[in-house]
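Report on the structure
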Amino acid sequence: MDSNDHIDIRGRVRAHGVRQLTIARMNAPADWQDELRRALAAHRKPATILSSNDFRLFLQSFAIFFTATMLFVM
């Protein structure tokens, strides 16, 4: 490569961005607005104080703590 040769990196970056945008548009579902609304509604759904995952985590933590305490006492 000669020192007088210059690579137009900006053009390559723009072209890459255009390709990525085209790929993203092709992979997006046709009803992406409805899907986004459903996802937002599910995310905004009020959580209970003790949901099933929280209660399960509490039980597992308590079981580990109880087992460790019994081993220490013995």
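Residues numbered from 1 in each chain as written. Predicted model: local features only at pLDDT ≥ 70, side-chain atom pairs only at ≥ 80, totals over all residues. Heavy atoms only, no water.

Things to note about the overall build of the protein chain
Test applied: Going along the chain from the N terminus, every DSSP run of H or I of four or more residues is numbered as a helix, and every run of E of two or more is numbered as a strand. Surface accessibility follows the Shrake-Rupley procedure with a 1.4 Å probe radius. Residue values consider only the protein chains on display as shielding.
Looking only at helices and strands, the protein chain has three helices and zero strands in total. Listing every helix and strand of the protein chain by position from the N terminus yields α-α-α. For the protein chain, the accessible surface area stands at approximately 7,500 Å², while carbon and sulfur atoms represent 63% of it.

Comments concerning a nonpolar patch on the surface
Stated formally: A patch consists of residues whose relative accessible area exceeds 30% and which take part in no salt bridge; residues with like charges are grouped when within 9 Å of each other, and nonpolar side chains (Val, Leu, Ile, Met, Phe, Trp, Tyr) when within 5 Å. A carboxyl oxygen of Asp or Glu within 4 Å of a side-chain nitrogen of Lys or Arg is what we treat as a salt bridge. Using a 1.4 Å probe on the protein chains alone, a residue whose accessible area is under 20% of its type maximum counts as buried, one over 50% counts as exposed, and one in between counts as partly exposed.
Together, F55, F58, L59, F62, F65, F66, M70, L71 and M74 give the surface a local cluster of nonpolar side chains, amounting to about 1,000 Å² of exposed area. Inspection of the secondary structure assignment puts M74 in the segment after helix 3 (52–73). The exposure class of M74 is exposed, given its relative accessible area of 81%.

Things to note about the pattern of salt bridges
Considering all chains together, one arrives at two salt bridges under this definition. A salt bridge links R38 to D31, with the nearest nitrogen and oxygen atoms 3.5 Å apart. Residue classification places R38 among the exposed residues on the basis of a relative accessible area of 52%. With relative accessibility at 35%, the residue D31 sits in the partly exposed group. Close ionic contact of D34 with R37 constitutes a salt bridge, the shortest N to O distance being 3.3 Å. With D34 and R37 both in helix 2 (residues 32–44) and three residues apart, the pair spans about one turn of that helix. With a relative accessible area of 53%, R37 lands in the exposed category.

Here's the deal with the packing of aromatic side chains
Quick reminder of the rule: Aromatic pairs are defined between Phe, Tyr and Trp rings, using the six-membered ring for Trp, whenever the two ring centres lie within 6.5 Å; interplanar angles under 30 degrees are classed as stacked, those over 60 as edge-to-face, and all others as tilted.
Evaluation of the coordinates by the stated rule reveals two aromatic pairs. Both rings, one in F62 and one in F66, keep their centres 6.2 Å apart while their planes meet at 20 degrees; by these two values the pair is stacked. A residue pair is termed a helical-turn pair when its members lie 3 or 4 positions apart in one helix, as F62 and F66 do in helix 3 at four residues. The class of F62 is partly exposed, set by a relative accessible area of 45%.

Remarks on the confidence of the model for the protein chain
Heads up, the condition is: Each residue carries a pLDDT score, the predictor's confidence in it, ranging from 0 to 100.
Considering every residue of the protein chain, the mean pLDDT works out to 84; 88% of them sit at 70 or more. Within the protein chain, no element has a lower average pLDDT than helix 2, which sits at 86, and none a higher one than helix 1 (residues 9–27), at 90.

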